[in-house]
Every structure is written in C-alpha cells, then in structure tokens.
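Observations on chain architecture
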Amino acid sequence: MRYLDKPIAAIHAALKNKEVTPYQLLQEAIAQIKANDCNAYERLTIPSEEELMKELGPFEEDNLLYGIPYVCKDNFSTKGIETTASSNVLNGYVPVFDATVVQKLKDKKAVMLGKTTLDELAMGGTGTTGHKGITYNPFDPSKKRMVGGSSCGSAAALANGDCCFATGSDTGDSVRKPASFAGLVGFKPTWGRISRFGLFPFAPSLDHVGYFTHYVEDAAVLLNVLAGHDDMDFTSSYVPTEDYTVHLHDGLKGKKFAVIKEIIDSVDDVYNKAKFNALIKKIEEEGGVVECVEFGEELLRSIYATYIVISCAEATSNDANLDGIKFGPYYGGNSYQEVMMNARTKGFSELIKRRFVIGSFALMKENQEDLFLRAQRNRAKIVEKTNEILANCDAILVPAAPSIASEFAQSSDKLSSEYLIADNHLALGNFAGLPSITIPLALENGMPLGINLMSKAFTEASLLSLAQAVEDITGLGGLSAINPKEGNL
Amino acid sequence: MNFEPVIGLEIHVQMKTKSKMFSGSPNSFSHTPNSEVTPFDMAFPGTMPRVNKQAVINAIRVANALHMEIDPLVRFDRKNYFYADLPKGFQITQQFHPIGKNGYLDILDENGNTKRIRIERIHMEEDTCKQLHFPDCSLLDYNRAGTPLVEIVSMPDIRSGTEAMHYVEAIRNIVVYSLSSDGKMEEGSLRCDVNVSLRPFGSEKFGTKVELKNLNSIKNIEQALDYEIARQSACLLSNTPIQQETRRFDEGSGKTVLMRVKTDAVDYKYFPEPNIAPIQLSEAFIEEAINTCPEFYDSKKTRYLTYGLPEKDVEIILSSLDSALYFEKAIQGVNYVKTIANFLIVEINSYLNKNGISIKELKLSPEHLRDIAAYQEEGYSHKQCADILFYCLEHDDCSPAEAKSALKIEKQISDDGAIRELVNQVLEANPQSIEDYKNGKGRAVGFLIGQAMKLSKGKANPQAVSKIMNEELAKK
C-alpha cells in the first residue's frame with residue numbers, strides 16, 4: 001500500500017519515524033499524476049526536491065499537514081499562479097494574493113501539486129463545461145461516465161490517488177455530489193466556518209469552501225486547520241472552533257437519524273436503495289435510531305428552481321467584474337461598452353451566458369417580486385422545514401445521489417423538465433448553510449455510491465463522529481481507483 | 001404669471017476615514033494615481049467587502065445632527081450596472097435600509113425666518129474610480145474607488161436658490177464640524193445634485209423636473225438655480241414644454257447647459273449584498289458615537305457668543321474649522337477671549353490673506369498668540385503687542401518673549417498717579433509754556449506733552465499723558 005493511501009495522521013507518523021521522506025511522498029504523487037488521464041488539472045505546481053525542502057524546513061512534530069500533498073480547485077486565488085476558474089475570461093490572470101484557505105495550508109506546510117479543473121466559474125454539475133473540456137471519472141476506464149462537478153478536477157485527482165486531499169467549493173452540491181460519484185469523502189462545514197476570502201464567488205449566500213479526503217478523520221484534521229474567523233471575510237463566524245478529532249470515535253449509541261421519505265422514494269436504483277437500507281440496519285444494530293420523516297414533496301421539488309433563481313441572480317452580479325478592463329484578456333473596442341462586450345462575448349461560454357440571462361431577468365424590477373423575492377421566500381420556507389427536522393435528530397441521512405455517476409450523453413447543465421428530487425436535495429445544506437458530508441456507501445459494478453449526512457449549524461464535531469461511524473461500517477475509507485476496495489455492505 | 005420653484009437636493013459627502021468604505025486601503029486622497037489601491041478596490045476575484053467602523057460612526061453622527069431615525073440594523077445592497085468607473089460592476093449602497101431616515105434641518109429663508117427642510121434619508125455607499133479622458137484614450141485612477149460616501153437626500157421643500165445655498169452651507173457645517181468630511185465642494189469631497197421644477201403657486205402637482213450637476217461651489221448653487229428658475233419660467237410662459245433632462249452649470253457664462261435628456265430610468269436590479277451579514281448596532285454603540293461627536297458649528301457659535309464676542313466676529317472665527325480649532329486652543333484657560341479674538345480676526349487674518357496661506361500653515365502657535373494677548377492684558381499697548389506678533393510671524397520659532405526683547409519693547413506707564421507726577425514736574429519746569437497756553441497758543445500743549453513723554457523715556461501712555469496734561473493745565 002502506498003503512503004498516500006493512508007490517513008494523514010498515519011503518514012505523519014511515518015514521516016516522524018523516518019519510514020518515508022517528504023520527497024518520497026512527492027514522488028509517489030508525481031508517479032500517479034503522470035498516470036492521470038482524466039483531465040484533472042489546469043496546471044501543475046509540483047516543486048522540485050530543492051524547492052520542496054526549502055519550503056518545508058525541518059520536520060514539525062505537532063503539524064499533521066507537514067509535507068502532505070494536496071491539489072487546489074482553480075477558483076481559489078493563488079498568489080503568482082495563474083487562476084482561471086476554467087474560464088477563458090480569466091486566461092492569463094495571475095492573482096496578487098492567496099485565498100485564506102491557501103494561505104493557511106501554506107503556513108501548515110501542505111504541498112500544493114496543482115490547480116484543478118472545474119465547470120466554468122464553478123457553475124455546473126457535470127465536469128464538462130470548463131475551458132479545458134471534459135474531466136473524467138478515474139473509476140471508469142472507459143471514460144463514459146462523468147465525475148460530476150463543479151469540483152471535477154479535485155474529485156478526479158483525489159479519486160486517482162494523486163494526493164491526500166483536494167480543496168473544492170460547494171454552492172449547490174459541487175463537492176458533495178462529485179464525492180459520491182468518485183468514492184470520496186466530500187465535506188462542507190457551516191456557512192461562515194471557513195473563510196471564503198479568495199474563493200472566486202459564484203453565489204455568496206450559498207457558496208461554501210469544502211474539500212475532498214480519503215478518510216473522515218482527514219476531514220476533521222483539515223477542519224482543525226481551516227476553521228475560524230477571518231478579518232478578510234465579514235461573513236466568517238466568531239463561533240469558537242474546537243478540536244474536531246476528539247469526538248470522532250464516539251460511536252452511534254443513542255444517535256438519532258432522520259431519513260427523508262420523498263428523497264428515498266425518488267431513488268429508482270434498486271441496488272442503491274438496498275445498500276442504503278443495509279446501512280440503516282447496521283446503524284440500528286450499533287445503537288443508532290433511524291426515523292423516516294416527510295419533508296413535503298412540493299417543497300422538495302421547488303429546490304432546483306429556487307436554487308437557479310438565487311444563484312444565477314447573485315452570479316450575474318458577482319461576475320460583472322469580469323469586463324476585460326482590469327484583468328483577463330483584452331480584446332479592444334472603441335468605447336468602454338465595446339471593450340466590455342468583446343471581453344464578455346468571447347470570454348464566457350454559452351452556458352454561462354444563459355445563467356447570466358436567467359439571473360438578470362430574475363432581478364429586473366418587474367420580475368423581482370415574482371422570481372427573486374419569491375425564491376428568497378421559498379428558500380426561507382425550505383430552511384425552516386430543514387431546521388424543524390434537525391431539531392429532533394442528530395443528522396439527516398440520505399443517499400447523496402440517485403445512482404452512480406451517469407454517462408455523459410445523458411446529462412446536461414441546461415434546465416430540463418425531467419426532475420429528480422434525489423438529484424437536487426443536497427442544495428438544502430446550502431440554503432440553510434448547514435454542515436454536510438458525503439461518504440462512500442458501496443460500489444456498483446466498480447462505480448461508487450455515496451450517502452450524505454447533514455446536521456445543525458456548527459455541530460461539525462458531532463457530524464464528523466457520525467460520518468466516522470458510517471465509514472467504519474462501510475469499510476471504504478481510503479478508497480481510490482489505485483486503492484480499490486469492495487466495502488462491507 | 002408667477003411660478004413656485006420646487007427644489008430637492010442630493011448631496012454626496014466623501015468621508016474622512018483612515019481607510020476606505022470596504023477595504024483596508026488608505027483613504028488619504030493621494031495625488032499619485034493608483035497608489036492607494038487594494039485588490040478589493042479593483043474587484044479582483046475572491047476579494048470581499050469589510051465594513052469600515054469609523055464610516056458607520058460618522059454616518060450616525062451626521063444622521064443625528066439631521067434629527068433622523070437611526071436604523072440599528074446596518075444592511076447593504078448592490079446597485080448593479082456596467083460602467084468604466086465601476087470596478088465590481090456594482091456599487092455597494094443602502095437602497096432598502098438607509099442608516100437614517102425622516103429627519104430635518106432648520107435653515108434661514110430669504111427674509112431671515114427659520115424654515116424647516118425635511119430630509120428623506122441618509123445612506124452609506126462607496127465612491128467610484130476617477131476617469132480622466134484624453135483625445136485618444138481614457139485613464140482610470142482607482143485611488144478614489146471605495147472612498148466612503150454618505151448621500152443625504154432632502155424632500156422637495158426648498159423654494160429658492162438662496163434657501164438651497166443656506167441648506168448646503170448648513171449640511172457642510174455639520175459634516176465638517178463633526179470631522180466627518182473635508183466638505184470641499186471645489187475638490188469634490190461634497191457634491192450636489194439639484195432637482196428643480198416649477199409649478200403655479202397654489203398647485204399641488206409637481207412640474208417636470210430638471211437635474212443640475214457640476215455645482216462646485218456654494219455660490220454656484222444659488223447662481224445656477226436663479227438662472228434655471230428664470231429659464232424654466234420663460235419656457236412655461238412661452239408654452240415651451242420643459243424636458244426631463246440633466247443640465248450642468250457653466251461657471252463662465254453663469255448659465256445651465258444641457259448634458260443629456262433623461263430616457264427611461266435605468267433598472268439597477270438592487271438586491272441585498274450577500275457578503276455583508278446585517279450588523280446589529282448596540283444602543284451603547286450608537287450613543288457613544290453621538291456623545292463623542294466633535295462639537296457642531298451651531299453649538300460652538302452659541303458658546304462663543306457667551307464670551308461676549310459680536311456675532312460678526314464669531315462668524316469670522318467659525319468660517320473655517322481650522323480657525324475655530326486654533327481659536328479654541330488659544331483661549332484655553334484664560335478670560336481675555338476678546339483680546340485673543342481681536343488679534344485673530346484683524347492681524348492674523350490680514351497676514352493670512354496677504355501671504356495667501358491657510359491658518360494651518362501659520363507659524364505662530366495658538367499658545368504664543370495667547371502669550372501675546374496676555375501682554376496686552378498686562379498693560380502693553382495693542383500696537384506693541386501687534387509688533388511682537390508680526391515679529392514672531394516673520395521669525396521661525398521665535399517666542400513672544402524673545403520677540404519682545406529683540407524689539408526692546410517696554411511696558412508703558414499708564415498709572416494715573418505716576419503720569420500726574422510727570423506732568424506736574426514738566427509744568428513746574430516750564431512756566432512760560434503755561435503762560436503761552438493761557439494766552440491761547442495751542443502749540444504749547446503739544447510741547448508740554450512732548451516734554452512729558454521725553455521725561456518718561458517714551459514709556460508713558462500718550463493718550464493718558466494728553467488727558468492728564470489738559471486736566472492739570474485747566475487748573476492753572
């Protein structure tokens with residue numbers, strides 16, 4: 001087994017015992033990155049041995065992230081490293097500052113190996129709309145199935161075994177859905193728990209920093225580093241942080257889970273349902289209590305429309321800064337209007353323009369009441385219902401996706417009349433800003449399936465302990481294409 | 001037919017804070033373009049707004065001075081539009097929940113009567129960047145981008161150019177004296193947009209309004225309005241419809257000139273700023289902001305009048321904040337306020353005017369002015385003290401004591417008894433002159449006074465000598 005397949009704490013112990021050196025870890029990663037044919041990277045940032053040792057300095061016993069390789073979604077600002085968010089509108093843009101998350105990881109001597117691809121500007125869920133084309137799923141050698149998006153490159157890199165963790169961003173489900181398709185742990189804590197400073201915004205009221213790991217315990221280790229107030233992000237929380245690893249192994253005795261009936265009902269995949277029920281049985285065997293609750297079908301069906309209206313409205317405003325004047329490609333023009341029009345016409349793909357039109361339309365004076373404000377009111381209703389359910393349990397437990405990753409031909413980011421509750425419910429966690437984590441459940445013909453847990457605001461420690469218990473049941477911690485597992489269920 | 005002008009003002013005030021409205025960039029009005037810019041000011045992706053606490057405090061103070069209801073829940077919104085000077089493609093402002101609303105300001109109308117102007121709202125927002133247009137290109141200076149602004153919107157209660165001028169003066173005094181802003185119209189730190197329409201007296205309906213811009217002095221406001229009221233009145237009398245348009249004031253001709261005709265209003269697609277969670281201000285915070293507010297113009301004026309200064313003098317001292325602050329330092333702990341005020345109003349002001357400098361550049365400290373005035377209180381003549389003052393102004397770091405000894409200025413004898421003694425000495429020594437006086441030779445008095453001055457070695461107060469000499473001669 002490679003060192004990179006182990007939990008971060010175990011790698012740290014190996015570094016401490018001098019079983020392995022940081023450079024050997026890096027070489028393991030390089031070998032795997034070279035073999036990665038999934039189009040996961042915008043660009044590589046692999047240091048030379050000399051650079052690595054200079055950056056790292058002497059071994060730090062109390063720093064679990066020392067020398068740990070990771071990859072970073074290309075919508076995090078990285079000082080001196082071109083950052084495009086996989087959009088032509090930002091080709092050549094080299095930021096002058098690091099995102100807070102990037103800075104914290106740098107301070108902790110984690111080693112960034114590359115910037116990963118995404119759906120253009122993080123808008124999309126297929127991993128197909130970035131300016132470098134389709135990103136593939138490492139679990140599918142035939143390259144027919146998607147890895148999901150928008151954090152497609154981060155998911156593909158980690159699922160390929162290139163490193164120990166990968167940063168992502170999650171506005172609707174952009175970390176937690178691809179995690180399900182790629183057999184990974186995908187986690188986003190409470191809105192405000194991790195600073196968003198330096199994350200290119202898509203829809204700030206829904207945007208979360210999230211990340212992928214191979215193990216639940218790694219998610220806790222990372223939260224210890226990334227959580228906390230940041231003066232640069234006015235929405236970051238002052239709620240005190242804690243040691244998120246302490247309660248990891250508290251177990252399931254007396255823990256209450258709510259399963260949302262309408263979401264289960266909308267899963268057609270018999271295999272997925274069977275594995276999900278097997279998990280519930282195991283949870284109950286270990287002293288957990290699982291209850292089925294109704295959310296309200298109409299409310300659940302309204303999630304996507306609500307999400308599209310709010311996220312597109314915010315996006316059309318956030319991305320108004322991409323006008324060709326200050327950064328990114330400049331195409332000229334005889335007036336400022338022409339300069340902007342040229343940059344935005346050539347810089348954005350059709351799908352992005354489509355979202356801007358939707359967002360702009362929803363914000364127009366004559367439409368605000370009927371679209372934007374109505375969506376906000378509906379969001380409040382959905383949040384209220386979610387919190388009502390959570391008031392009576394420790395977590396909501398649901399399948400993360402209706403099935404394994406679908407084939408490219410069957411998916412599109414355009415709005416369609418076909419609607420599946422089980423395909424869109426993860427946005428509940430964004431509407432309410434709640435901590436939410438996807439964990440591998442089982443494999444179906446070699447392709448991963450995942451479940452999702454969501455809990456009350458700022459109860460990350462408890463949520464991670466429940467996730468750890470699920471991981472202990474499934475036995476899928478450490479899963480990747482190069483470290484295949486069958487699972488216990 | 002006579003028409004009633006209906007005037008409303010929107011005033012943008014740049015706030016004096018250490019940093020910008022939503023970024024840590026310095027806010028010091030540097031003249032080197034693009035030298036005071038953070039990634040936020042240029043809207044680099046991933047940057048986020050941080051609310052400037054001092055700007056909120058300033059806004060509360062101004063709102064309080066305008067008798068407004070202060071909203072303790074501070075919220076911001078986005079105003080979306082594309083323009084070259086707008087880096088983010090939106091401006092962060094307070095469309096839905098201004099920090100202050102429903103206030104008023106009492107001003108004087110043409111006849112000197114008090115008139116209440118209602119104020120609709122005051123809200124915080126950020127300035128845009130500055131555009132410099134050249135024949136072949138346009139340049140952008142981001143120093144101004146993000147400068148904190150408050151916008152003060154009046155109700156259409158103003159009825160003449162003079163009232164508008166008084167209103168702006170009063171607003172300027174509030175923002176300047178609360179140390180919220182420089183309030184310099186000529187430099188753009190206080191900018192006025194004026195809406196004006198006419199209607200027949202007695203009519204409730206508003207006429208078509210015209211917006212006036214480019215009013216960069218208080219005087220211009222009055223002039224522009226007087227012109228515009230006359231222009232609109234002429235249009236109405238000749239049945240020429242008034243267009244809804246924006247006009248700018250041309251200082252050279254004293255006329256308003258068409259800038260653009262207003263088409264349908266732009267849809268700014270306002271929505272709440274998602275990157276700033278609403279900020280709940282505590283009652284204590286608001287109270288503290290108000291209680292620690294520097295003293296306003298009106299309160300200073302009332303106080304100065306209690307010193308026994310004439311109103312005209314008080315207004316001269318208060319004509320600039322710097323002069324008021326200088327005055328207050330100078331009068332600290334003494335009761336000869338009037339003497340100090342006289343030197344400030346006469347000698348110092350004439351020196352400033354002659355040399356074209358501001359009181360900030362004055363070489364004489366307020367403490368030294370106080371020392372000089374103290375000499376006059378001790379019995380030195382006003383002229384002697386003025387000499388000391390000018391000597392100090394011409395010599396860097398020269399204290400009044402040093403100036404006095406350099407000028408060999410000595411105290412005059414003005415004590416009645418001492419002078420009478422001198423006078424009698426002279427009279428005894430000059431009996432002939434007494435005779436001459438009795439015979440009607442006027443010159444004799446002058447001679448005798450000269451002798452007395454000589455005897456005192458010039459230290460006697462000439463007025464006192466003259467008075468006592470005449471008294472003593474009359475006895476002879």
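Residues numbered from 1 in each chain as written. Chains lettered and ligands numbered in written order. Predicted model: local features only at pLDDT ≥ 70, side-chain atom pairs only at ≥ 80, totals over all residues. Heavy atoms only, no water.

A tally of regular secondary structure across chain B gives 15 helices and 16 strands. The C-alpha radius of gyration of chain B comes to 31 Å, more than 25% above the 23 Å expected for a compact globule of 476 residues. Pairs at least 24 residues apart make up 67% of the contacts formed inside chain B by residues separated by at least 6 positions. Accessible surface, chain B as shown: approximately 22900 Å² in total, 50% of it carbon and sulfur. Charged side chains of chain B number 57 positive and 66 negative; the gap between the two group centres comes to 2 Å. (Helix = DSSP H or I, 4+ residues; strand = E, 2+ residues; numbered from the N terminus. Rg over C-alpha atoms; globule rule 2.2 N^0.38 Å. Contact = heavy atoms within 4.5 Å. Areas by Shrake-Rupley, 256 points an atom, 1.4 Å probe, with all protein chains shown as cover. Lys, Arg positive; Asp, Glu negative; His and termini not counted. Charge placed at Lys NZ, Arg CZ, Asp CG, Glu CD.)

All names here are of chain B. Under the definition given, this model contains 54 salt bridges over all chains. Note that E222 is salt-bridged to K219, the shortest N-O span being 3.8 Å. One end of the pair, E222, and the other, K219, are both in helix α3 (residues 218-237), 3 residues apart, so they sit about a helical turn from each other. (Salt bridge = Lys/Arg side-chain N within 4 Å of Asp/Glu carboxyl O.)

Now for the environment of M146(A). Structurally, M146(A) is set in the loop between β3 (111-116) and α5 (152-159). Between the alpha carbons of M146(A) and G127(A) there is a distance of 6.9 Å; along the sequence they are 19 residues apart.

Residues E49(A), E50(A), E51(A) and E55(A) make up a contiguous surface patch of negative charge. Structurally, the position occupied by E55(A) is in helix α3 (residues 49-56). (Patch = residues over 30% accessible without salt bridge, like charges linked within 9 Å, V, L, I, M, F, W, Y side chains within 5 Å.)

With that settled, consider helix α1 (residues 8-16) of chain A. Residues and elements named next belong to chain A. Burial in α1 covers these residues: I8, I11, H12, A14 and L15. Down the axis, α1 shows its buried residues gathered within 160° of arc, on one side only. Those residues of α1 that are buried lie in contact with α2 (22-35), β4 (165-170) and α7 (216-226). (Buried < 20%, exposed > 50% of the residue type's maximum accessible area, 1.4 Å probe, protein only. Arc of directions from axis to C-beta.)

What follows covers the nonpolar core. L9(B), Y167(B), V168(B), F327(B) and L364(B) are the most contacted members of the largest nonpolar core, which totals 105 residues. At 10 residues, helix α2 (residues 161-177) of chain B tops the list of elements feeding residues into this core. When residues are assigned to domains, this core turns out to be shared by domain 1 (3-272) and domain 2 (295-406) of chain B, each giving three or more. For L9(B), the residues in contact, after removing those within four places along its chain, are I152(B), V153(B), S154(B), I158(B), A164(B), Y167(B), V168(B), C192(B), D193(B) and V194(B). Listed in part, the 101 residues of the second largest apolar core include C38(A), A182(A), A219(A) and L279(A). (Core = buried A, V, L, I, M, F, W, Y, C linked by side-chain atoms within 4.5 Å. Domains from an automatic or database assignment.)

Residue and element names in this part refer to chain B. Across the interface, helix α9 (residues 366-378) lies against helix α10 (residues 382-394) with an axial gap of 8 Å and an inter-helix angle of 160°. Judged on the interaxial angle alone, α10 and α9 are roughly antiparallel. Both α9 and α10 take part in a crossing whose hand is right-handed. Within the contact between the two elements, α9 uses L369, I372, Y375 and Q376 and α10 uses H382, C385, I388, L389 and C392. Counted by class, the contact of α9 with α10 contains 7 nonpolar, 2 polar and no charged residues. (Axes fitted to C-alpha atoms, helices over the stretch in contact; angles between N-to-C directions. Parallel < 35°, antiparallel > 145°, perpendicular 65-115°, else oblique. Left-handed = near helix turned anticlockwise from the far one by under 90°. Nonpolar A, V, L, I, M, F, W, Y, C, P; charged D, E, K, R; others polar.)

For the rest of this paragraph, the subject is the interface of chain A and chain B. The accessible area lost on association of the parts is a frequent measure of interface size. Across the boundary between the two partners, chain A contributes 39 residues, which contact 32 residues of chain B. Summed over both partners, the interface of chain A with chain B comes to about 2800 Å²; 66% of that surface belongs to carbon and sulfur atoms. It is F234(A), K326(A) and Y336(A) in chain A that bury the most area against chain B; as a group they hold 22% of the surface buried on that side. Counting every contact that joins chain A to chain B gives 0 salt bridges. Connecting chain A to chain B are 11 residue pairs in polar contact (both at pLDDT 80 or more). Looking at the side of chain A that touches chain B, the elements that each hand over two or more residues are α11 (303-318), α12 (336-347), α13 (350-363) and α14 (365-368) of chain A. A per-element tally of the side of chain A that touches chain B places α11(A) first, with 4 residues. Its residues placed into classes, the side of chain A that touches chain B shows 22 nonpolar, 8 polar and 9 charged. (Buried area = accessible area lost by both parts, 1.4 Å probe. Polar contact = N/O pair within 3.5 Å; in protein donor to acceptor, adjacent residues only side chain to side chain.)

Turning our attention to the sheet that holds strand β6 (residues 100-108) of chain B. All names here are of chain B. Taking strand neighbours across the sheet as the criterion, the 9 strands line up as β2-β6-β7-β10-β1-β11-β12-β13-β14 in an open arrangement whose pairing is mixed. With partners counted over all chains shown, the strands left at the sheet margins are β2 (69-70) and β14 (255-261), one partner each. Pairing of strand β7 (residues 114-126) with strand β10 (residues 148-154) involves 7 bridges; the strand directions are antiparallel. By the bridge assignment, E126 is partnered in β10 with P148. Lying on the sheet, helix α1 (residues 53-65) is in contact with β2, β7 and β10; it crosses β7 at an angle near 165°. Against the sheet, α3 makes contact with β1 (3-14), β11 (190-200), β12 (210-213), β13 (245-250) and β14, and its axis sits at roughly 25° relative to β11, the strand it touches most. (Pairing = 2+ DSSP bridges.)

Now for the pairing of β10(B). Side-chain direction in a regular strand flips from residue to residue, so the side chains alternate between the two faces of the sheet. Residue and element names in this part refer to chain B. Counted residue by residue, β10 has 7 buried out of 7 residues, so it is predominantly covered. What you see with β10 is no split at all: P148, V150, I152 and S154 on one side and L149, E151 and V153 on the other are buried throughout. Judged from the 5 bridges that link them, β1 and β10 form a sheet pairing that is antiparallel. Paired with I11 across the two strands is I152, which belongs to β10.

All names here are of chain A. Spatial strand order, β1-β3-β2-β4-β6-β5-β10-β11-β9-β7-β8: 11 strands in an open sheet with mixed pairing. Across the chains shown, the open sheet's two edge strands, defined by having one partner strand only, are β1 (41-44) and β8 (289-293). With strand direction ignored, the average angle separating the axes of adjacent strands in the sheet is 30°. For strand β5 (residues 185-188) and strand β10 (residues 436-444), the ladder comprises 3 bridges, and the chain directions are antiparallel. Each residue of the ladder has a partner; that of G186, found in β10, is T438. This element, helix α18 (residues 460-474), spans β5, β7 (256-260), β9 (395-399), β10 and β11 (447-454) of the sheet and lies at about 10° to β10.

Excluding glycine, residues mostly have negative phi values, and the peptide bonds linking residues are mostly trans. All names here are of chain A. Of note, the amide linkage connecting G149 to S150 takes the cis form, showing an omega dihedral of 5°. Tracing the backbone through its elements, the reader meets S150 in the loop between β3 and α5. Notably, K18 is not glycine yet its phi reads approximately 60°, a positive angle. Along the polypeptide, K18 turns up in the loop between α1 and α2. The class for K18 is exposed, based on a relative accessible area of 72%. With phi around 60°, K143 is a residue other than glycine that occupies positive phi space.

Read these as layout, nothing more, since geometry by itself doesn't imply function.
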